[in-house]
There are 2 protein chains.
Amino acid sequence: MAHGGGGRLMQQLLSTIIQPEFTNPLLNQNHDSTVFTVNTGKLAFTTDSYVINPIFFPGGDIGQLAVCGTLNDLAMSGAKPLYLSCSFILEEGFPITDLKRIVASMQATAAHAGAAIITGDTKVVDKGKGDGIFINTAGIGIITHNQVIDPKQIQPGDSIILSNDIARHGIAIMLEREGIRFNHKIISDCNDLSGLITNLLEKALDIHCLRDLTRGGLASGLIELATASACEFEILEKTIPIQDDVQSACDILGLDPLYIANEGCCVLFIPEAQTAQMLKVLQANPLSHYARHIGTVTAKHDRGRVSIKTHLGSHRVLELLSGEQLPRIC
Amino acid sequence: MAHGGGGRLMQQLLSTIIQPEFTNPLLNQNHDSTVFTVNTGKLAFTTDSYVINPIFFPGGDIGQLAVCGTLNDLAMSGAKPLYLSCSFILEEGFPITDLKRIVASMQATAAHAGAAIITGDTKVVDKGKGDGIFINTAGIGIITHNQVIDPKQIQPGDSIILSNDIARHGIAIMLEREGIRFNHKIISDCNDLSGLITNLLEKALDIHCLRDLTRGGLASGLIELATASACEFEILEKTIPIQDDVQSACDILGLDPLYIANEGCCVLFIPEAQTAQMLKVLQANPLSHYARHIGTVTAKHDRGRVSIKTHLGSHRVLELLSGEQLPRIC
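Residues numbered from 1 in each chain as written. Chains lettered and ligands numbered in written order. Predicted model: local features only at pLDDT ≥ 70, side-chain atom pairs only at ≥ 80, totals over all residues. Heavy atoms only, no water.

Caption draft 1: Quick look at the sheet that holds strand 1 (residues 34–37) of chain B. Pairing is mixed in the open sheet, where five strands are placed in the order 6(A)-5(A)-7(A)-2(A)-1(B). If you trace the sheet from one side to the other, it starts and ends with strand 6 (116–125) of chain A together with strand 1 of chain B, each paired once. For this sheet, the mean angle separating the axes of adjacent strands, direction not counted, is 20°. As defined by bridge partners, strand 2 (residues 42–50) of chain A adjoins strand 1 of chain B across four bridges and the pair is classed as antiparallel. (Pairing = 2+ DSSP bridges. Helix = DSSP H or I, 4+ residues; strand = E, 2+ residues; numbered from the N terminus. Axes fitted to C-alpha atoms, helices over the stretch in contact; angles between N-to-C directions.)

This is the structure we're talking about:
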């Protein structure tokens, strides 16, 4: 508990474990806020708290996830990530070795994206009042292009592109958490998409809207966007890429992969004419190797609607689930 | 748990409880990040998580605290708060009525400071894996003046001004948490100082450094600044304002008020020549009515040092405590 108290032990925790890893001139200001200068006027701001269980999983850990999630939220607004904040809520007794590993993972992920963690906070709660570690990150990104990337830009005729195969993150977490072992190679898709998106924007490819497919998966992301844009989307189920292992796990567990969380996968709404070129660029990048054209924005629709043509040839309307099939997935 | 799952229940929670309260055009973008434009290039960025127990206390609640804390951190860098993020970690079963009250309190506090909550997140953890509610806020502020407010600006000769009486927040929490009842009027000093600081800067009063005195109290704040500036501070104990009730509670409980947390109190390092004028301006504001000149920066000192002349006339060197006398104070 004393590590959260603002005294000598907290100083030690910061100066030996956290600051050496994140070190950069802005963080090292060591002031209540960090002061920085930006050259352009258009910025994006986002935040997420991460409560995933387990904190280490095939394909990542809570630190990597906490950085990727916020980088991706910035990227979905067309912003290039600049600065991150990082705040830990530790449960009394959380192993310092685990904290070190998580902090190193955050730093590596942020550095790889060219972003810096420049301000932070650490709190400690009593045993039994937390769950090991919760992490909040907030992020500031800069928008240097003139495209408006927003649900309201979605329009009839747009192609709907899925950036990669779905449902890996949720299934990887589920199997790890429940200790289910079978012969599979499922790892989370937890990845930073900001470089990929920046690259698309630099190539001047038109993008109307982006959305990463976290909690609630592909189906929830599409429903939210259909509602926000007041459009109808038609999706072809057979075009949605899913790894065989992931599909098998979904079948065994009775889960619908359309609603399973991803952490490195997004949908892109683009002018139909650019579909082939967009797919070519995406498929050339390992992070979006399985990119597919999965559907079309067909019409305006009062409340928004997503209908899917199933493998059997029937049509069904996708609905939001009341909750989440897998809690604490991020 | 379903309220954190990204499905219909989470949408409901957001659209009925949280968004109507925080509503503003930027938040209502409803995108992964919120996009905004600033006119000047110099910004400040900060974050804190709040895990205070109890969440409602005399003089405030966790929502007001979470907003004031981040506003104050921005103010301590000389920044005028613009935008806040807000992220909740709720424990399964947390009462919606309490959440409503907290959200309303956050909105009122932010609005009073002229700041807007423009992006956010909600997670839910299983019963027994959290403690009711934890809140993270991050904040962006804008710096429109040319003063550099930083520990490195502290120099020998500076006057050290304390903005108000100390130790109210920590003692109010302690008494409430432990159910200690005696005839007192102690309420937390939880307050937003950003208006006060902006006013000082607009009056072109010189400020070398500011620090709000949260965890670890006045003593820890001074020690941190002495270390960061490599200076020696000499403090006169008899000049430090403490309410009689607060002093009595400290005496009974065996606590040193110098180390007790505050949430609406700061120290200011200013040129000696401006001492009288600064005190006059501060004392005219109810938030700093008890402002006092409590000491002086006397010399450069290798590792920094804070010495205090006690009520008895002896001198002692202040040291960081190893932890905090009162855990989960913010």
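Caption draft 2: Region of interest: helix 5 (residues 194–202) of chain B. All names here are of chain B. Regarding helix 5, the residues found buried are Ser194, Leu196, Ile197, Thr198, Leu200 and Leu201. Contact partners of the buried residues in helix 5: helix 2 (62–76), strand 5 (80–91), strand 9 (209–212), strand 11 (266–270) and helix 8 (275–283). A positive phi of about 60° marks alanine 204, the residue just after helix 5. (Buried < 20%, exposed > 50% of the residue type's maximum accessible area, 1.4 Å probe, protein only. Contact = heavy atoms within 4.5 Å.)

Caption draft 3: Spotlight on the relation of the copies chain B and chain A. It takes a turn of 180° to lay chain B on chain A, together with a shift of 0.0 Å along the axis; the resulting RMSD is 0.0 Å. The relationship between the two copies is best expressed as a two-fold rotation axis. Relative to the rotation axis, the closest C-alpha in chain B is found at glycine 130 of chain B, a distance of 2.1 Å. (Least-squares fit on C-alpha atoms with pLDDT ≥ 70 in both.)

Caption draft 4: Main features of the environment of isoleucine 294 of chain B. Residue and element names in this part refer to chain B. Tracing the backbone shows isoleucine 294 in strand 12 (residues 292–300). Residues isoleucine 294 and valine 267 lie 27 residues apart in sequence; the distance between their C-alpha atoms is 9.3 Å. Those residues in contact with isoleucine 294 that sit more than four places away from it in its chain are Ile160, Leu162, Leu218, Glu234, Ile235, Leu236, Thr239 and Ile240.

Caption draft 5: Representation of the sheet that holds strand 11 of chain B in the model. Residues and elements named next belong to chain B. The seven strands are arranged 9-11-8-12-10-13-14 in an open sheet whose pairing can be described as mixed. Because the sheet does not close on itself, it has two edges, and the strands there are strand 9 and strand 14 (315–317). Between one strand axis and the next, the sheet turns through 25° on average, direction left out of account. In terms of strand pairing, strand 8 (residues 159–162) meets strand 11 through four bridges, oriented antiparallel. Across the sheet, residue isoleucine 160 finds its bridge partner in strand 11, namely phenylalanine 269. Here helix 2 sits on the sheet and contacts strand 9 and strand 11; the angle it forms with strand 9, its principal contact strand, is near 165°.

Caption draft 6: A look at the domain arrangement of chain A. Residues and elements named next belong to chain A. Segmentation of chain A into domains returns domain 1 (31–143) and domain 2 (151–317). Each of domain 1 and domain 2 has a C-alpha centre, and these two points are 24 Å apart. Tallying the contact residues gives 19 residues for domain 1 and 22 residues for domain 2. Between domain 1 and domain 2, a total of about 1700 Å² is buried, with carbon and sulfur atoms accounting for 63% of that surface. Of all residues in domain 1, the largest losses of buried area upon contact with domain 2 belong to Pro58, Asn72 and Met76, amounting jointly to 35% of the total for that side. (Domains from an automatic or database assignment. Buried area = accessible area lost by both parts, 1.4 Å probe.)

Caption draft 7: Region of the structure containing the packing of aromatic side chains. Considering all chains together, one arrives at six aromatic pairs over all chains under this definition. Ring geometry for phenylalanine 45 of chain A against phenylalanine 45 of chain B: centres 6.3 Å apart, planes inclined by 80°, an arrangement best described as edge-to-face. Of this pair, phenylalanine 45 of chain A sits in strand 2 while phenylalanine 45 of chain B sits in strand 2 (residues 42–50), each in a different chain. Of the two residues, phenylalanine 45 of chain A and phenylalanine 45 of chain B, neither departs from the other in class, the shared state being buried. Ring geometry for phenylalanine 134 of chain A and phenylalanine 134 of chain B: centres 6.3 Å apart, planes at 50°, overall tilted. You can see phenylalanine 134 of chain A sitting in strand 7 (residues 133–142) and its partner phenylalanine 134 of chain B sitting in strand 7 (residues 133–142), one on each of two chains. Neither phenylalanine 134 of chain A nor phenylalanine 134 of chain B differs from the other in exposure class; each is buried. In this arrangement the basic side chain of lysine 123 of chain A is found over the ring face of tyrosine 50 of chain B, its NZ or CZ atom lying 5.4 Å from the centre. (Phe/Tyr/Trp six-rings, centres within 6.5 Å; stacked < 30°, edge-to-face > 60°. Lys NZ or Arg CZ within 6 Å of the ring centre and 35° of its normal.)

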